[in-house]
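One letter stands for each residue in the lines below.
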Amino acid sequence: MVNVLTMYMPLLRGLLKLVGVRPQAVEIEPGTVLRFWIPSDDQTTSNASKKPNKPAVVFVHGFALDGILTWQFQVLALARDYAVYVPDLLFFGESITDRTERKVVFQAECVAKGLKKLGVEKCTLVGMSYGGMVGFKMAEMYPDLVESMVVSCTAMVMTESISRACLKRIGFSSWPEYLMPDTVKGVKEMLRIATYKLPWLPDFVHRSILEVMFGNRKERLELLDELIVSDKDFTVPHFTQKIHLLWGRDDIIFNMEEACNLKDQLEGKATMQYIGNAGHLAQSERPFAYNKHLKNILASLHDGGRRKQQ
C-alpha cells in the first residue's frame with residue numbers, strides 16, 4: 001500500500017508554494033546538511049545579500065515528524081506576515097551529518113549556523129518538546145540571534161528528575177520505549193498519550209507514520225541516549241530574551257505542573273498561556289486556537305500589538 005504521508009507531501013508542497021515558502025538545503029560544514037523551509041523571496045545560498053523585510057520566526061520541531069509536518073498549520077497561517085524558517089533537526093526529514101555528536105547543543109549550533117548562512121540576524125524562536133530544548137540552548141548560546149521565544153510542552157533541559165516524572169506519568173520505563181515504537185500498536189499508543197483525544201485513524205495511516213518516522217532508528221536512539229542531563233550538572237542560565245510559554249493544558253508528558261515549574265525557573269521573565277482540550281501536540285490538535293495565541297504573542301513582540309488578532 002502507498003504511504004499516505006508520501007502521497008500528502010506534494011499537496012503540502014503546493015500549498016506552501018502558494019504562501020511563499022520553499023525548501024532549501026544548507027550545508028553547515030562538509031558532511032553536515034540541514035534542510036530548511038524558507039521564504040521564497042529569500043535568494044540566499046550563503047552570505048545573504050537579500051533579506052526578507054518581515055520579522056523572522058523560526059519553528060523547531062519535536063522528536064517525531066519533521067519540521068514542516070509538525071508546524072504546517074502555523075506556517076500556512078503566518079507566512080504572509082512573517083519570514084518563516086523551519087529547519088529539520090539532524091536525523092529528521094532530510095537533515096544529515098557524518099559527525100558523531102548527538103547532544104542538544106550540536107543541534108542548536110547547526111540550526112544557528114544555518115540561519116546565519118540564510119542571512120537571519122534576529123528571530124523569534126518557536127519550539128515544542130525536543131525543539132523547545134534545542135531552542136533554549138540556542139537562546140543561551142546565541143542571544144543576539146534569538147531575541148524572543150515561544151515554547152510549548154517542553155523543559156529547559158531534560159534533567160534526570162524531569163525525565164523520571166514524565167516517564168512515570170505516561171507509564172513507560174524509557175524514552176526509546178515510548179518515542180521509538182516498532183509496531184502499529186506502538187504508534188497508536190504514542191499518539192494517544194500525546195493528544196487530548198486521539199481521532200480514529202485506520203491502521204494504514206499509523207503504518208505510514210511508522211515507515212516515515214523511523215527510517216534512521218540507530219541515530220535517533222543515539223540522540224535519546226544523549227538527551228538526559230544529571231540534575232547536579234544543570235544550572236539555570238541567565239536569559240535576556242522575552243519568553244512565552246504556550247501550553248496544551250491537558251498535556252500529560254510535560255503537564256501544567258512542569259509548565260509552572262519552568263515559569264518559576266525563568267524568575268519572572270516568562271508569561272504563560274494554555275489551550276484547553278489540547279495535549280502535547282497542541283499545535284496540531286487545536287491549530288486555530290494555537291495560532292490565535294501565537295499571532296497575538298508575535299504581534300506584541302514585533303509591533304506593539306498593531307496586528308493583534310481580535
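Reading guide: rules and limits
- Residues numbered from 1 in each chain as written.
- Predicted model: local features only at pLDDT ≥ 70, side-chain atom pairs only at ≥ 80, totals over all residues.
- Heavy atoms only, no water.
- Phe/Tyr/Trp six-rings, centres within 6.5 Å; stacked < 30°, edge-to-face > 60°.
- Helix = DSSP H or I, 4+ residues; strand = E, 2+ residues; numbered from the N terminus.
- Buried < 20%, exposed > 50% of the residue type's maximum accessible area, 1.4 Å probe, protein only.
- Salt bridge = Lys/Arg side-chain N within 4 Å of Asp/Glu carboxyl O.
- Expected span 1.5 Å × (residues − 1).
- UniProt positions renumbered as here; feature names shortened; annotations may be inferred.
- Pairing = 2+ DSSP bridges.
- Right-handed = clockwise from strand over helix to strand, strands pointing away.
- Lys, Arg positive; Asp, Glu negative; His and termini not counted.
- Polar contact = N/O pair within 3.5 Å; in protein donor to acceptor, adjacent residues only side chain to side chain.
- Contact = heavy atoms within 4.5 Å.

So, about the packing of aromatic side chains. Evaluation of the coordinates by the stated rule reveals eight aromatic pairs. Relative to tyrosine 130, the ring of phenylalanine 63 has its centre 5.3 Å away and its plane inclined at 85 degrees; by these criteria the two rings are edge-to-face. Placement of phenylalanine 63 in the loop between β3 (56–60) and α2 (67–78) and of tyrosine 130 in helix α4 (residues 130–141) is noted, with a sequence separation of 67 residues between them. For the pair shown, phenylalanine 63 and tyrosine 130 are each scored as buried. Members of the aromatic cluster, each reached through a chain of ring pairs, are Phe59, Trp71 and Tyr290.

Tallied over the entire structure, the rule returns 15 salt bridges. For the salt bridge of glutamate 140 with lysine 137, the shortest nitrogen-to-oxygen distance reads 3.1 Å. Note that glutamate 140 and lysine 137 are positioned in helix α4 at a spacing of three residues, about one turn of the helix. Overall, the relative accessible area of 38% leaves glutamate 140 in the partly exposed class. The partner of arginine 192 in a salt bridge is glutamate 189, with the nearest N and O atoms 2.7 Å apart.

Next up on the list: α4. Taking 1.5 Å per residue as the helical rise, α4 with its twelve residues ought to reach 16 Å, and the 17 Å between its terminal C-alpha atoms agrees with that figure. Within α4, nine of the twelve residues are buried, which leaves it mostly tucked inside the rest of the structure. Every buried residue belonging to α4 is among Tyr130, Gly131, Gly132, Met133, Val134, Gly135, Phe136, Met138 and Ala139, and all of these are buried.

Moving on: the UniProt feature "domain: AB hydrolase-1" (unreviewed entry) in the protein chain. With numbering matched to this structure, UniProt assigns "domain: AB hydrolase-1" (unreviewed entry) to residues 55–161. Helix makes up 37% of residues 55–161 and strand 23%, with an end-to-end C-alpha separation of 37 Å.

What follows covers the pairing of β3. Of all the five residues making up β3, five are buried; the element is thus mostly covered by neighbouring parts of the structure. Burial of the side chains of β3 extends over both faces: Ala56, Val58 and Val60 are buried on one face and Val57 and Phe59 on the other. Direction of pairing for β3 relative to strand β4 (residues 83–87): parallel, over a ladder of three bridges. Across the sheet, residue valine 58 finds its bridge partner in β4, namely tyrosine 85. Between the parallel pair β3 and β4, the chain is carried across by α2, and the sense of this crossover is right-handed. Where β3 lies against strand β6 (residues 123–128), four bridges are found, and the strand directions are parallel. Bridging across to β6, valine 58 finds its partner in leucine 125.

Glancing now at the side chain of aspartate 251. Considering the arrangement of structural elements, one finds aspartate 251 in the loop between β8 (242–248) and α10 (256–265). With no salt bridge to any partner, buried aspartate 251 finds its closest opposite charge in arginine 169, at an N-O distance of 7.3 Å. Here isoleucine 253 takes part through its backbone nitrogen, which lies 2.9 Å from a polar atom of the side chain of aspartate 251. Side-chain polar atoms of aspartate 251 contact the side chain of histidine 280, separated by 3.0 Å. In this structure, aspartate 251 is in contact with Cys153, Ala278, Gly279 and His280, ignoring residues within four places of it in sequence.

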